[in-house]
Amino acid sequence: SSAFYNSTKLSSVTFGDKTNISTGVFYYTEENPNTELKELLFPEGSVFASGAVSYCNSLEKVVFKGDVDISGVSMFTFLPELNTIEFNGTSKIGQNALSGCGKLTNIVFKEATELGTNALTSVGINLTDAMAPIVIPAGSTIGDRAFAGANISSVEFKDETVPVFGESVFAGCPANAVIYVPR
């Protein structure tokens, strides 16, 4: 926990193989943020605890190489410049996992995902335009308010039949957002 806490100028970290990321490993504060780290790439098999990454004020991109479980509450918080996150395997995304990511523009899901309650709440709210289109792979599950308040342009579900949704999934999203759900 807090392994890199006072390393506010840390600009690069390389994980050679699966890694256990404990609570607050990349934990910084509003008064003492990290201002140099631009990208994090996590190897397949990595394990994450709640609140692992916060106040990395220059972090622009996060990539998960394989399956990932970030179902812990508020996994990534207060990342004001995060604009791209890629999930290259199956993924589980928990409550408020990306809260405070107001400039998140691109979310890429390569395989089925489980979006928990409030998983993507209010992402992209600081963008001038809406987020890039989001494609949800077949076999995904969508929890209550998963996209609530998110500045989405479109979300396309790739299932052949209507997937199961939680309640108020798109509450507070832009009125002109396009949601494509198969019949």
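Described below are features of the structure shown in this document.

Conventions and cut-offs
Along every chain, residues carry numbers that run from 1 in the direction the sequence is written. Since the coordinates come from a predicted model, pLDDT governs what is reported: local features require at least 70, and pairs of side-chain atoms require 80 or more to be given and counted, while whole-chain, interface and lining totals use all residues. Values shown for side chains rest on all heavy atoms present in the structure; no hydrogens or waters enter the calculation. Here a strand is any run of E in DSSP of at least two residues, a helix any run of H or I of at least four, and the numbering for each starts at the N terminus. In this setup the radius of gyration rests on C-alpha atoms only. A globule is expected at 2.2 Å times the number of residues raised to 0.38. Only protein chains enter the accessibility calculation, which uses a 1.4 Å probe; a residue whose area is less than 20% of its type maximum is buried, one above 50% is exposed, and one in between is partly exposed. Residues are treated as being in contact if the distance between any of their heavy atoms lies within 4.5 Å. Any Lys or Arg side-chain nitrogen located within 4 Å of an Asp or Glu carboxyl oxygen qualifies as a salt bridge. Pairs were defined over the aromatic rings of Phe, Tyr and Trp, the Trp ring being its six-membered one, requiring ring centres within 6.5 Å. Orientation was assigned from the angle between planes: stacked under 30 degrees, edge-to-face over 60, tilted for the rest.

**What to know about the overall build of the chain**
Okay, step 1: Each helix and strand counted, the chain has zero helices and 16 strands in total.
Okay, step 2: Taken over C-alpha atoms, the radius of gyration comes to 16 Å for the chain, in line with the 16 Å a tight globule of 183 residues would show.
Okay, step 3: Reported as C-alpha extents along the three principal axes, the dimensions of the chain are approximately 50 × 35 × 20 Å.
Okay, step 4: Taking all 183 residues of the chain together, 46% fall into the buried category.
Okay, step 5: The contacts of the chain with a sequence gap of at least 6 include a subset with a gap of at least 24, amounting to 37%.

**Remarks on the pattern of salt bridges**
Okay, step 1: One pass over the full model with this rule turns up four salt bridges.
Okay, step 2: The salt bridge partner of E36 is K9, with a shortest N-O separation of 4.0 Å. Taken together, the positions of E36 in the loop between β2 (26-27) and β3 (39-42) and K9 in the segment before β1 (20-21) put the pair 27 residues apart, joining distant regions of the chain.

**Points about the packing of aromatic side chains**
Okay, step 1: Tallied over the full model, the rule gives 12 aromatic pairs.
Okay, step 2: Here F4 and F26 contribute two aromatic rings whose centre-to-centre distance is 5.0 Å and whose plane-to-plane angle is 20 degrees, an arrangement assigned as stacked. Residue F4 is found in the segment before β1, and its partner F26 is found in strand β2; the two are separated by 22 residues along the sequence.
Okay, step 3: A relative accessible area of 23% means that F4 is categorised as partly exposed.
Okay, step 4: Since its relative accessible area comes to 0%, F26 is described here as buried.
Okay, step 5: An angle of 25 degrees between the planes, with centres 5.6 Å apart, marks the rings of F15 and F42 as stacked.

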